[in-house]
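# Examination of the molecular architecture
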Amino acid sequence: MRRFLVASLLLVITFGVKAAELDLIPLPVEIEQPPGQFALDTQTVIIVDGPFTNEASLLAGELQLASGNSADKNRILLTTRGADQLGDEAYRLEVNQQGVTIHALSPAGAFYGCQTLRQLIEPGTRKIPFVKIADAPRYAWRGLMLDVSRHFFDEPAIRQMIDWMADYKLNRLHLHLTDDQAWRLQIARYPKLTQAGARGDYSDTNAPPRFFTRAQMQAIIAYAARRHIVVVPEIDMPGHAGAATRALPQLDGGMNTFNPARAETYDFLQNVVLETMEIFPSPWIHLGGDEVDLTSWNQSAEVARKLQASGMKDTQQLEGGFVNRMAGFIREHGRTPAGWDEIVATKPEADTVIFWWRHNKPEMLIRALADGHPVVLTPRSPCYFDYPQDRSYPEIGWKLFNTPEAVYRGPALPPGIPPAQLKQILGVEGCVWTERIATVPYLEFMIMPRMAALAEMAWTPGERRDFAQFSTRLKPFQDQCQQLGIGYYDETNPVGSLRKARQLPAVVPKLSLSQY
Ligand code: ACM
């Protein structure tokens, strides 16, 4: 915990080592740099003129400044004045002789203005170059998904992740909470889910139970919300259900699925979703829906009777009925259902958000858009951060690799999508599956700097993006990670940086990385 706090503080203070060159990530839409500098000192006050108390108090805490009521100079002013035309997450930032003014209409816009300001402050001197910045994001959904089932990452690790996301203006943390290896969310009504279902992980099926209590999860959600990050829960169904069915065998449909023929399966999942909605204010509830193995459903007499009784033609139709029933339940309770792209085949209602992950199935994206769905782009290439960063890392698995540059370029869309449908794309998400990621330093190594590349791809318009130039802006950040012992992939030294990440402390189990 202490290491995280120190790391986070130092990053705040030292971000922008070469502030004169404006090492801002993500790169703002418009920057003007008149000559001159303003310096923060102990007298500088933060003034709020708008609904920005939370943003001002975060900034005051980080910069160790007091708030004030009025000041013509030596102040940081957060104001709605002059912000009438600004969109939901947009801001304008001006630094001149009087100090700093951040104009925004919404608290999110003010927060992003503060994040840019933090990156502009030169450490030590606390000088800030005169600038005029006008900025707004390319995409509304700028996400990171973390799989906490295969290996558990605890509350301090998640908070650290949230801090980094906030630095880069990412705004959705999607938690993959349940899978075959473990169930990681306390559900009060079903204590066995965490007594038994949270036992084990991908490396060790007998590892002691680890999960988020309701209170821990609520604390994470509140911490993220202050930083304008929505925590989106995923409860995977009807497949990837092995931990739940181990804990509650009466729900077992075989092959790590829930049993689709039993009423109690739906009662159980509805109760779980209700409790999940109590814990998570997220407008979206992700119900997974991916990779359902129908082998045991196809062989089950109980399932055959269910098909016959309901007039369904096959288990695929049953799978669709399962997903749509649960999506309907989520919708009836005022939330929007979301799922992986397999569920497009089940013809869900058009409001259902589709996460397009199978880059080799562009037809799923095409169909999702044609059917009117909002879509989050998460194609394995280049959005899966469990794939290695480097072609020289053959043993890290999955055969494909995603370089920071590929992430920066962003997903390739199939040609011919009508421009009106492109507007249904909410944004992008980097997915950190953790079968092969078991420790925090290795997790850091897998996300740094791809998370920064993702953030700029998600925020900055295409015509402003240039990977070589981005790489130079990344340098101070990389130096900091290296000084602080934060795992970091260095493309100029792939073998050395992997070796270093492995030495940080524990090594990823199940991998033979002896050549490094
Ligand atoms: C997935 O990778 N199964 C969504």
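Reading guide: rules and limits
Every chain's residues receive numbers from 1 upward, in the order its sequence appears when written. Reporting of local features is limited, given that this is a predicted model, to residues whose pLDDT is at least 70; pairs of side-chain atoms are given and counted only at 80 or more, and all residues count toward the totals for whole chains, interfaces and linings. Side-chain metrics in this entry use all non-hydrogen atoms of the structure; hydrogen atoms and water are not considered. For two strands to count as paired, DSSP must find a minimum of two bridges between them. Runs of E in the DSSP output that reach at least two residues are strands. Runs of H or I that reach at least four are helices, and both are numbered from the N terminus. Axis angles are defined between N-to-C directions and span 0 to 180 degrees, where every axis is a line fitted to C-alpha atoms and, for a helix, only to the segment in contact. Here, two residues are considered to be in contact whenever any of their heavy atoms come within 4.5 Å of each other. Where each domain begins and ends follows an automated or database-derived domain assignment. A simple way to read buried area is as the amount of 1.4 Å-probe accessible surface that goes missing from two parts once joined, with both sides added. Should a side-chain nitrogen of Lys or Arg be within 4 Å of a carboxyl oxygen of Asp or Glu, the pair is scored as a salt bridge. Side-chain atoms alone can form a polar contact between residues adjacent in sequence; in general such a contact is a pair of N or O atoms within 3.5 Å, and within protein one must be able to donate a hydrogen while the other accepts it. Here's how the labels work: a residue is buried when its accessible area is under 20% of the maximum for its type, exposed when over 50%, partly exposed in between, all with a 1.4 Å probe on protein chains only. Within this scheme, the nonpolar core is defined by two criteria: the residues are buried Ala, Val, Leu, Ile, Met, Phe, Trp, Tyr or Cys, and they are joined through side-chain atoms within 4.5 Å.

### Structural notes on the sheet that holds strand β10 (residues 141–147)
An order of β10-β11-β12-β13-β14-β15-β16-β17 is seen for the eight strands of this closed barrel, with the pairing classed as parallel. Strand-to-strand twist of the sheet, defined as the mean angle between neighbouring strand axes without regard to direction, takes the value 30°. Where strand β11 (residues 172–176) lies against strand β12 (residues 230–237), five bridges are found, and the strand directions are parallel. Bridge pairing links arginine 172 to valine 230 in β12. Along the sheet, helix α11 (residues 315–332) contacts β12, β13 (284–288) and β14 (336–340); its crossing angle with β13, the most-contacted strand, is approximately 165°.

### A word on the side chain of threonine 378
If you trace the backbone, threonine 378 turns up in the loop between β16 (375–377) and α13 (380–383). Sequence-distant contacts of threonine 378, defined by excluding residues within four places in its chain, comprise Trp340, Phe355, Trp356, Trp357, Cys383, Tyr384, Glu429 and Cys431.

### Concerning the domain arrangement of the protein chain
What the domain assignment lists for the protein chain is domain 1 (30–135) and domain 2 (141–466). Between domain 1 and domain 2, the contact holds 16 residues from the first and 11 residues from the second. Both faces combined, the contact of domain 1 with domain 2 buries some 1,200 Å², and carbon together with sulfur accounts for 42% of it. Looking at the side of domain 1 facing domain 2, the largest losses of area belong to Leu58, Phe111 and Tyr112, adding up to 37% of the total buried there. On the surface where domain 1 and domain 2 come into contact, there are two salt bridges. There are 11 residue pairs in polar contact (both at pLDDT 80 or more) connecting domain 1 and domain 2. Of all the elements in the fold, those that place two or more residues in the side of domain 1 that touches domain 2 are α2 (53–63) and α3 (107–120). If one sorts the elements of the side of domain 1 that touches domain 2 by residue count, α3 sits on top with eight residues.

### A few points about unusual backbone geometry
Each neighbour pair has its own omega, and for isoleucine 25 with proline 26 the value is -5°, a cis peptide bond. Relative to the helices and strands, proline 26 is located in the loop between α1 (2–14) and β1 (30–32). With an omega of -10°, the peptide bond running from methionine 237 to proline 238 counts as cis. Its place among the elements puts proline 238 in the loop between β12 and α7 (242–247). Positive phi is not limited to glycine here, since asparagine 74 has a value of about 55°. With respect to the helices and strands, the residue asparagine 74 is situated in the loop between β4 (66–67) and β5 (75–79). Accessibility expressed as a relative area gives 18% for asparagine 74, which makes it buried. Although it is not a glycine, methionine 255 sits at a positive phi angle of roughly 50°. Following the sequence through the fold, methionine 255 ends up in the loop between α7 and α8 (263–279).

### As for the nonpolar core
Judged by nonpolar contacts, the single largest core of 139 residues is most densely connected at Ile76, Ile158, Trp183, Met217 and Phe268. Among the elements that line this core, the one with the most residues is helix α17 (residues 450–459), at eight residues. Among the domains, domain 1 (30–135) and domain 2 (141–466) are the pair contributing at least three residues each to this core. Not counting chain neighbours up to four residues away, the residues in contact with isoleucine 158 comprise Leu146, Val148, Phe153, Leu173, Leu175, Phe212 and Ile220. Met145, Ala338, Trp340 and Val353 belong to the second largest nonpolar core, which has 14 residues in total.

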